[in-house]
Amino acid sequence: MTPKTQEPSVEKVTSEEYKYGFVTDIEADSAPPGLNEDIIRFISHKKKEPQFLLEWRLKAYRQWLKMKTPEWAYVQYPPIDYQDIIYYSAPKAGPKSLDEVDPEILKTFEKLGVPMEERAMLAGVAVDAVFDSVSVGTTFKKKLGEMGVIFCSFSEAVHEHPELIEQYLGSVVPYNDNFYAALNSAVFTDGSFCYIPKGVRCPMELSTYFRINAAKTGQFERTLLIADEDAYVSYLEGCTAPMRDENQLHAAVVELVALKGAEIKYSTVQNWYPGDKDGKGGIYNFVTKRGACRGDSSKISWTQVETGSAITWKYPSCILQGDNSVGEFYSVAVVNNMQQADTGTKMIHLGKNTKSTIVSKGISAGKGQNTYRGLVRIQPAAENAHNYTQCDSLLMGDKCGAHTVPYIEVKNNTAKVGHEASTSKIGEDQIFYCQQRGLSKEDAVNLIVNGFCKEVFRKLPMEFAVEAQKLLSVSLEGSVG
Amino acid sequence: MLIIKGLKARVEDKQILNGIDLTINPGEVHAIMGPNGSGKSTLAHVLSGRPGYEITGGEVTLDGKDLLSLSPEDRARAGVFLAFQYPVEIPGVNNTYFLKAALNAIRKSKGEEELDAIDFLELVKAKLKPLKMDELMLQRAVNEGFSGGEKKKNEILQMAVLEPKLGILDETDSGLDIDALKVVADGVNALRGKNRSFLVVTHYQRLLDYIVPDQVHVLAGGKIIKTGGKELALELEEKGYGWLTGEKVKA
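If you're wondering where the values come from, they're calculated on a predicted model, not measured in any experiment. Throughout, a residue's number is its position along its own chain's written sequence, starting from 1. Lettering of chains starts at A and numbering of ligands starts at 1, both following the order in which they are written. Only residues with pLDDT of 70 or above have their local features reported here, since the model is predicted, and side-chain atom pairs are shown and tallied only from 80 upward, although totals for entire chains, interfaces and linings are computed over all residues. Water and hydrogen atoms play no part in the side-chain values, which are based on all heavy atoms of the structure.

**Describing a negative patch on the surface**
Now for step 1: Grouping into patches uses exposed residues only, defined as over 30% relative accessible area, and leaves out salt-bridged ones; the cut-off is 9 Å for like charges and 5 Å for nonpolar side chains (Val, Leu, Ile, Met, Phe, Trp, Tyr). The Shrake-Rupley method, run with a 1.4 Å probe sphere, supplies the accessible areas, and residue values consider only the shown protein chains as cover. The working definition used for a salt bridge is a side-chain nitrogen of Lys or Arg within 4 Å of a carboxyl oxygen of Asp or Glu. In this tally, Asp and Glu contribute negative charge and Lys and Arg positive charge; neither His nor the terminal groups of the chain are included. Charged side chains are reduced to one point each, which is NZ for Lys, CZ for Arg, CG for Asp and CD for Glu. Taken together, Glu113(B), Glu114(B), Asp116(B), Asp119(B) and Glu122(B) make up a surface patch of like negative charges.
Now for step 2: Given the relative accessible area of 67%, Glu113(B) is considered exposed. Per-residue accessibility, obtained with a 1.4 Å probe over protein chains only, is compared with the maximum for each type, and a residue is labelled buried under 20%, exposed over 50%, and partly exposed between these values.

Structure, rendered in structure tokens:
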């Protein structure tokens, strides 16, 4: 006999309010809305930048004016009015230590569970906290300083280490790379800078918490991370944002440089406000992240867990220049309700015996649309290059979508390139099986989803993995009725 | 213990159960036999709360508790265990982790303390031995890549760990070779006790050579049409179901 089970009902949409939806009231010292060369000069002047940086910004701006919004991604949104955005806002007082930091800001971080002060010490994490585009506190600087590690805000690096900025800024993501990267290059206000000297293994995981705050303020962070020869660093990036009705643009640029024998591990848990169940509000996350394995035997590993944002447009990539260099991309991308994500990676093989691994896990629920877009390019000089790609999609309900768009370009016939893909639906029979063993429906869904993402979670630092699992269960709450 | 009165159920517009009456006392093993399409598996599913069935009449109580009003997980927590005919694979979820989560969910619902990983591992290893299961199975993902025999043994292992009041075996013998069948039957027999009852749904008499029932019921057309002792199974094996149903149905 063949008993039929009914199709799972998926009408029930998430009732979970965005947990971190609160706004800090801080008097902002802002530029008027809009963008022109004067605004860029204003930003550069406010930040007391050297001439080369202003010129670089202006070059980027002039290039940006000639560029068009990329339209190839599988995402839809109304046109953005770039003249309606405030490009500079900062808390008025410039605090020099944690004691000087506005208590309101500290309270906000506390609500977010950011480990600062003693908590930072206990957690063993150095925090370079970005608040409304300007860094308000940096901890653990001394300890890191003794090892020669530089970990500070981007603005500080511009003043303290202008030679490193001039040498490396834009060397991985040029100012004219793409529309959003050009915009970022013109107007970025702050971000993080990190330099690990030769042979140093950074003793702690470096962490930055981003938070978007002032109304209508686009955030344009710039992160530059350099691992000198035989250095190692693990960098964590995690984000949350307060609830908003207006869409907020976020166009960050992250550049990583790994010299000979160096290794960079870059982990992200992204939880920006995704908009309400009808897609109202929510962050537009248009980010350019790229790492260059410049030296032989260097390694860059990207791990990301993307649960937030109304729209995600993001392709953390590796340029495998050095011989025997290794690039990795491990990703979990979740879309629920009206969220859209077009994310993936690019692995550009230039050197001999270069190796790349791509593991992408896409989860779609509600009316979410999830696209994996990835490029594997083996250039003519890349003898014996290897790539392995695995793309898995998990669908919850019948109103969401999963799309896989792999591009493979091989120009050297010694290359070995493998691609595996699967799409599956979260099964009512799997859920019932768990329930029959005593687990609640929510626990069953979490268990199944976490099993699906296991290969990626394994790559995250321990405490991040725990956070990521929690985030996933919150993001998918109520998505199976 | 388990009392079923006039149970009727349908799937979409098709009536499958047409008034089942059945009482299973503590410690008893009852076998449900019947031709294909008679409603055997439906009965097992309805008792465990699988979605997709509509109850159109009757009642079911377990120790006086109304089972039909409970969610599937609450039925499990009340002591109903279904050994699936087709155990489900859950990729990436560690078998031990799954079983520990299940046991702790049940313990928690009873107000008992949850077991930690070390205590649990000790418990599960002890339950593993009589089933002749390799400890490596604990490290694998739930049922993923398991052979048919391994899946069924895993079901019995889960039952041994969760210690239900009522174990429902849904065609547990299907797809098993004779050696695996013996191991599974031994596992079930070891769990028999004065406070635990079993409902064994099977198409063939073979399983009942090893799990000897107190009563055998023949289900046809969604009703129990004959009840007898263990010898009824042998009679069915010999004569088929046709002499009972009046149809040309052969086992």
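**Some details on the packing of aromatic side chains**
Residue and element names in this part refer to chain A.
Now for step 1: Two rings belonging to Phe, Tyr or Trp (six-membered ring only in the last case) form a pair when the distance between their centres is within 6.5 Å. Interplanar angles under 30 degrees mark stacking, angles over 60 mark edge-to-face geometry, and anything in between is tilted. Applying the stated criterion across every chain yields a total of 24 aromatic pairs over all chains.
Now for step 2: Between Phe286 and Trp313 the ring centres are 6.4 Å apart and the planes differ by 80°, which places this aromatic pair in the edge-to-face class. Placement of Phe286 in strand β13 (residues 283-293) and of Trp313 in strand β15 (residues 311-314) is noted, with a sequence separation of 27 residues between them. For the pair shown, Phe286 and Trp313 are each scored as buried.
Now for step 3: Aromatic side chains Trp313 and Tyr315 sit 5.5 Å apart centroid to centroid with 85° between the ring planes, which places their arrangement in the edge-to-face category. A run of H or I in DSSP counts as a helix once it spans at least four residues, and a run of E counts as a strand once it spans at least two, with each numbered from the N terminus.

**What about the sheet that holds strand β10 (residues 197-201) of chain B?**
Residue and element names in this part refer to chain B.
Now for step 1: Any two strands are treated as partners once DSSP identifies two or more bridges connecting them. The mixed open sheet is built from six strands, whose spatial order is β6-β9-β10-β3-β11-β12. Taken across any chain shown, the strands that pair with only one partner, and hence form the sheet edges, are β6 (80-83) and β12 (223-228). Strand-to-strand twist in this sheet, taken as the mean axis angle between neighbours without regard to direction, amounts to 20°.
Now for step 2: Pairing of strand β3 (residues 29-33) with strand β11 (residues 215-220), which is carried by four bridges, proceeds in the parallel orientation. Considered in β11, the bridge of Ala31 is made with Val216.
Now for step 3: Those strands touched by helix α8 (residues 231-239) are β3, β11 and β12, and its axis lies near 45° from that of β11. Only the stretch in contact is used when a helix axis is fitted, and all axes are lines through C-alpha atoms; the angle between N-to-C directions ranges over 0 to 180 degrees. Note on contacts: a residue pair is in contact if any heavy atoms of the two residues lie within 4.5 Å.

**Notes on the side chain of Lys151(B)**
Residue and element names in this part refer to chain B.
Now for step 1: Structurally, the position occupied by Lys151 is in helix α5 (residues 148-162).
Now for step 2: With a relative accessible area of 17%, Lys151 lands in the buried category.
Now for step 3: Those residues within four positions of Lys151 in sequence are excluded, and the remaining contacts are Pro87, Glu89, Asn143 and Phe146.

**Side note on the pairing of β13(A)**
All names here are of chain A.
Now for step 1: When you tally the buried positions in β13, you get 11 out of 11 residues, the bulk of the element.
Now for step 2: Residues Ile283, Asn285, Val287, Lys289, Gly291 and Cys293 point to one face of β13 and Tyr284, Phe286, Thr288, Arg290 and Ala292 to the other, with burial holding for every one of them.
Now for step 3: Across three bridges, the pairing between strand β10 (residues 248-250) and β13 is parallel. Bridge assignment links His250 to a residue of β13, and that residue is Asn285.
Now for step 4: Bridge count between strand β11 (residues 253-258) and β13: six bridges; the pairing is parallel. Each bridged residue has a counterpart across the sheet, and for Glu255 the counterpart in β13 is Arg290.
Now for step 5: The pairing of β13 with β15 spans four bridges and is classified as parallel. Along β15, the bridge assignment pairs Val287 with Lys314.
Now for step 6: Here β13 runs beside strand β16 (residues 317-320); their pairing, made up of four bridges, is parallel.

**Digging into the packing of helix α1 (residues 37-46) of chain A against helix α2 (residues 51-65) of chain A**
All names here are of chain A.
Now for step 1: Between α1 and α2, whose axes approach to 10 Å, the crossing angle comes to 150°. The orientation of α1 relative to α2 falls into the category roughly antiparallel. In this structure, α1 crosses over α2, and the sense of that crossing is right-handed. Of α2, the residues touching α1 (which contributes Glu37, Ile40, Arg41, Ile43 and Ser44) are Leu54, Arg57, Leu58, Tyr61 and Arg62. In this scheme, roughly parallel covers angles under 35 degrees and roughly antiparallel covers those over 145, while 65 to 115 is roughly perpendicular and the rest are oblique. What makes a crossing left-handed is the near helix being turned counterclockwise from the far one by less than a right angle; a clockwise turn instead makes it right-handed.

**Some remarks on the confidence of the model for chain A**
Low-confidence regions, as indicated by low pLDDT, have predicted coordinates that should not be scrutinised in detail.
Residues and elements named next belong to chain A.
Now for step 1: Along the chain, pLDDT gives the predictor's confidence residue by residue, from 0 to 100. Scored by pLDDT, chain A has a mean of 81; 78% of the residues are at 70 or more.
Now for step 2: Here residues 1-18 is modelled with pLDDT under 50, and outside its nearest four sequence neighbours on either side it reaches 46 contacts, counting other chains as well.
Now for step 3: Low confidence marks residues 21-27, where pLDDT is under 50. Its contacts with residues over four positions away, or in another chain, come to 26 contacts.

**Overview of the side chain of Thr303(A)**
Residue and element names in this part refer to chain A.
Now for step 1: As for its position among the elements, Thr303 is in strand β14 (residues 299-306).
Now for step 2: Residue Thr303 is classed as buried on the basis of its relative accessible area, which comes to 1%.
Now for step 3: With residues near it in sequence (within four places) discarded, Thr303 still touches Lys265, Tyr266, Ser267, Thr268, Tyr330, Val456, Lys459 and Leu460.

**Brief notes about the interface of chain B and chain A**
Now for step 1: Counting residues at the interface gives 44 residues for chain B, matched by 23 residues for chain A.
Now for step 2: Between chain B and chain A the total buried area reaches about 2,700 Å² when both faces are included, carbon and sulfur atoms providing 65% of it.
Now for step 3: Put simply, chain B and chain A have one salt bridge between them.
Now for step 4: Of the charged contacts, one joins Arg437(A) and Glu155(B) as a salt bridge, the two residues approaching to 2.6 Å between their closest N and O atoms.
Now for step 5: Nitrogen and oxygen atoms within 3.5 Å of one another constitute a polar contact, given that in protein one can donate a hydrogen and the other can accept it, and given that sequence-neighbouring residues count only through two side-chain atoms. Applying the counting rule to chain B against chain A returns 12 residue pairs in polar contact (both at pLDDT 80 or more).
Now for step 6: Of all elements in the fold, only α1 (40-48), α2 (72-78), β6, β7 (90-94), α3 (95-109) and α5 of chain B reach the threshold of two or more residues within the side of chain B that touches chain A.
Now for step 7: Among the elements that take part in the side of chain B that touches chain A, α3(B) stands out by supplying six residues, more than any other.
Now for step 8: Charged residues are taken to be Asp, Glu, Lys and Arg, nonpolar residues to be Ala, Val, Leu, Ile, Met, Phe, Trp, Tyr, Cys and Pro, and polar residues to be all remaining types, Gly included. Residues belonging to the side of chain B that touches chain A are distributed by class as follows: 23 nonpolar, 14 polar and seven charged. By convention, the term buried area covers the 1.4 Å-probe accessible surface removed from two parts as they join, with the contributions of both added.

**Quick look at the packing of α3(B) against α5(B)**
Residue and element names in this part refer to chain B.
Now for step 1: Relative to each other, α3 and α5 sit at 35°, their axes nearing to 10 Å. In this structure, the crossing between α3 and α5 has a hand that is right-handed. Judged by residue contacts, Asn95, Phe98, Leu99, Ala102, Leu103 and Ile106 of α3 engage Asn154, Leu157, Gln158, Val161 and Leu162 from α5.
Now for step 2: Across the contact of α3 with α5, the residue classes break down as eight nonpolar, three polar and no charged.

**Description of the environment of Lys226(B)**
Residues and elements named next belong to chain B.
Now for step 1: Looking at the secondary structure, you find Lys226 in strand β12.
Now for step 2: Given a relative accessible area of 32%, Lys226 falls into the partly exposed group.
Now for step 3: Considering only alpha carbons, one finds Lys226 and Lys182, 44 residues apart in sequence, at a separation of 27 Å.

**Observations concerning the pattern of salt bridges**
Now for step 1: Enumeration over the complete set of coordinates arrives at 25 salt bridges over all chains.
Now for step 2: In this structure, the salt-bridge partner of Lys151(B) is Glu89(B), at a minimum N-O distance of 3.3 Å. Here Glu89(B) lies in the loop between β6 and β7 and Lys151(B) lies in helix α5, a separation of 62 residues in the sequence.
Now for step 3: Among the residues examined, Glu89(B) registers a relative accessible area of 32% and is labelled partly exposed.
Now for step 4: Notably, a salt bridge pairs Glu112(B) with Arg107(B), separated by 4.0 Å at the nearest N-O pair.
Now for step 5: Given a relative accessible area of 38%, Glu112(B) falls into the partly exposed group.
Now for step 6: It is possible to trace a salt-bridge network through shared partners that takes in Glu37(A), Arg41(A) and Arg62(A).

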